[in-house]
Amino acid sequence: MKINIRVFGDLVSTLGRRQTVELDEGATILSLTNRLAEKARLKRQGHLGNHKVNGDELAVLVNGRNIRLLNGLETILHEGDEVVFLPPAAGG
Amino acid sequence: MWPEASRIRIFMPFPGLEVPHLCAQCDDYPCIKSCPVEALSKDQATSAVLVNREKCISCGKCVTACPGQIPFLHPKDNKATICDLCGGDPECVKVCTEASYNALALVQEKPTVDRKLFAKPPIEVAKDLAVNLFGEKGEKVI
Amino acid sequence: MPRGYAGKFLEIDLSKEQIKDITFNESVLQAYLGGRGLATKILWDRLGDSWAKVDPLGPNNMFLALTGPMTAIYPGARICCSGKSPLSNGTVGSTASTEFAAELKMAGYDGVIVTGKANRPVYILVTDEGGEIRSASHLWGKLGEDTIRILNKEVTEELTKRKPNIGLWREPGMIYIGPAGENKVRNAAVMTKICHAAGYGGYGAVMGSKNLKAIVAKGRSKLPEVDAPEAVKLLWKEVHRHLIAENGFRRMGTGYAGYSVGADTSSEPIRNWQEEWHDERRFGGPSFETRYWVKKLWSDFNCTTSCMKLSCIKTGRWKGDITDMPDYELQAYCGTNLGIFDAGDNIHISTVIDNLGHSGINGPNTMGFAAELYQRGILTKKDLGFELKWGDAAAFEKLAWLIAKREGIGDILAEGTFRAATKISKMKGVDVAPYAVHVKGIEIGAHGTRSDADYTHDISYAANVQGGDHTSVAVDGYSELSSAVFTDSAVICNFCFFWVPRALVFDFAKAVTGFPITMESWKKENGPRIVTLQRAFLLLGGPDIAWTPIEDDDNPPRFYEPLPSGPHKGKTTSRDQVKQKRQVYFETLGWDERGVPKKETLEKLGLNDLEPAMKELRK
């Protein structure tokens, strides 16, 4: 199934702004982040760049909903879902 | 954390004109001479002024004797408070250096350098700083 | 006894000239902390019953200047100003970096709460001896720089008179207003230290409406005791270590972004947001740094981030201007948004804005709006009294003064972009609302949503309880509740917070207060409680307007126009995204499909007394 990814902030340099990822039915956020880390050759376990996935700082949203309010890293994805990676950021 | 009890105090007569205000160890120690109860003395090892808090009677004469009015009375017990150079390894210098501001340094000046040039009221220092930073405008901000 | 707090708040009724010390229950402090949170709670308790009727510029409004338990102890001391906002008719937790916050706590106070209205210009002085009201007739009309100079001298002389033998008195801390606030320019700022401002919300106008020129504080006591002193000592060192390590940001501040936000993310306001990309390379950081920055690491109380830079113009047309950097927001708003791409001109407009006490974001947003109307021939030279061409710094300076003094067209523009648009539409028989860039009356910060390449997106402002406030945007109704809502209530600087591991910040909070403060509780309970109250205020609104759910939970028309230039040309904010994300946002916070807080949510958050008012809105 196809999952649409949008990336912001300092993760753009590692993951690019948008991509579509092919995953097996029933894949979870964890499988998605593992796939992304693999593609980008990121070595640090459980992290995307400097951000701990499912940590308090990187907001991961599935169709606008934070995964912490769903099933965390075990949240199951469906065809056409949009997953957004939002590192903490703000202006000044 | 007690900024007003710290032996180094930062004045700011105008934003941007921060003036660290602390003892410069004048060669002739007018403060020590002025104390009626001999509560002040010179630390032979560091040349810093030492205050005997038990003897201090909070008269304030050391403040007026100082060319920069640097001593102050402690906010809690009114005892004269003067920088003692932390015995030779000042804490303030450490953190200022750590933070890369490098505004403070422990130095040993030659005897020909007049310590009183470093013992000025903050407003006087700020007036010079103001012209340095702001040019002509600096003469109008204080 | 909760730690981190000085232990009491100063309440002053300016109408009756009554002064008293008040306290709050520990349970209230634990739930709301201070700053934005506590202000929201106080405003609900005192004005909630009659909210819609309270005129933000009338004597019944309150002006609050609150610290939080972490203020001055954690790096980056700030004050949080609040009250009913003359712009949104809701509330904003509007913060500014200032020694005033530390001095207030050293004087023994966690905040100042002002009600009523003085019958002549006054300022409030807070010392270890308490609060007092003093005449400010000699200060009324004075610009920022002069206000500081005069009050520094006056207050130190007075304190020296009262306690003469203790040595030199250090200068007090102070928050003040300029002519803009005095004349109740609706989006006027509360100023401090010449270039810092509590800008969002229009609280400068609230102070002005009370004839309150300034609040000055000087204390000599210790900062408040903390719950776990040894832990705080270690954590303090650790936090500073992180801040000192941020070499890039320390060097550049946000004052290098005037070129890059436009060029890299196409989200910078250009000429009233008609574009968001520019290629004016001369507007890059070095153009400011080399010629104008006189102090390159400048900060405020207990801050080692030192992102500020002190700027001074020493020669030429604008000789004598003193301000900071300017920071990115003012590079954009006092620069690119006015078609200005010259560093000197930008610094000049920033200085003028600061001295007049305009908000550096909100004020020039209205000026840019006026300039677009001039561009389109809707406002003419006759209306303005002069030509208002893009890039003409002298003209914009003239306009800034006109607005601050409410003279001529300035009287209409002083109402803020939203209300000015309504008035001008009537006056000219042309709908100018499409050119007004605001959300719920609060002009939008210098980060657009159309390119989607910046940190601001679809609902960042549309669903934000603080409208166009870019420092506290809506993300997903969950993750952001432990950032700006927390820092605005603990009252600490965001730039001493962002690059510190969150666990460290929250450990610090616990070690100071002894409260069980966690990120989780702020995301799930404390944060939602505060923004739900703020949401209620927005919906109740009044007296001149209450926002319509959904319709006003939206971006301005300009943010739906396709970007006309740059690498993101053609892109715009997606209405579908806004609709969808807004629904999720409301749902996550336990509000109904129109964003009215649900009954069960109010129960869960302990806000049952909001139910009667919210029930009315659900009809």
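Placed above this text is the structure.
Residues numbered from 1 in each chain as written. Chains lettered and ligands numbered in written order. Predicted model: local features only at pLDDT ≥ 70, side-chain atom pairs only at ≥ 80, totals over all residues.

A. Seen up close, the overall build of chain C. When its secondary structure is counted, chain C shows 24 helices and 17 strands. For a compact globule of 619 residues, the expected C-alpha radius of gyration is about 25 Å, and chain C comes in at 23 Å, within 12% of that figure. In terms of overall dimensions, chain C has C-alpha extents of about 60 × 60 × 50 Å along its principal axes. In chain C, 71% of the contacts between residues at least 6 apart in sequence involve partners at least 24 apart. (Helix = DSSP H or I, 4+ residues; strand = E, 2+ residues; numbered from the N terminus. Rg over C-alpha atoms; globule rule 2.2 N^0.38 Å. Contact = placed C-beta atoms within 7 Å.)

B. A look at the nonpolar core. Of all hydrophobic cores here, the largest spans 256 residues; its most connected members are Val112, Val126, Ile175, Val190, Ile215 and Ala370 of chain C. Ranked by residue count, the leading element in this core is helix 21 (residues 519-540) of chain C, at 10 residues. (Core = buried A, V, L, I, M, F, W, Y, C linked by C-beta atoms within 7 Å. Buried ≥ 20, exposed ≤ 12 C-beta atoms within 10 Å, placed from the backbone.)

C. Geometry of the sheet that holds strand 14 (residues 308-312) of chain C. On the basis of which strands lie adjacent, the open sheet formed by 3 strands has the order 13-14-15 (chain C) and antiparallel pairing. Unpaired on one side and paired on the other, strand 13 (293-298) and strand 15 (322-324) of chain C mark the two borders of the sheet. Adjacent strand axes in the sheet meet at a mean angle of 20°, parallel and antiparallel pairs treated alike. As paired strands, strand 13 of chain C and strand 14 of chain C are joined by 3 bridges and run antiparallel to one another. Note that in strand 14 of chain C the partner of lysine 295 of chain C across the bridge is leucine 310 of chain C. Strand contacts of helix 4 (residues 122-134) of chain B: strand 13, strand 14 and strand 15 of chain C, with the helix running at about 80° to strand 14 of chain C, the strand carrying the most contacts. (Pairing = 2+ DSSP bridges. Axes fitted to C-alpha atoms, helices over the stretch in contact; angles between N-to-C directions.)

D. Examining helix 10 (residues 285-292) of chain C more closely. All names here are of chain C. Regarding helix 10, the residues found buried are Gly285, Phe288 and Tyr292. Seen from one end, helix 10 has its buried residues packed into an arc of 105°, which puts them on one side. Looking at helix 10, the residues exposed on the side facing more than 90 degrees away from the buried face are Pro286 and Thr290. Next to the buried residues of helix 10 lie helix 8 (247-252), strand 13, strand 14 and helix 12 (343-356). (Arc of directions from axis to C-beta.)

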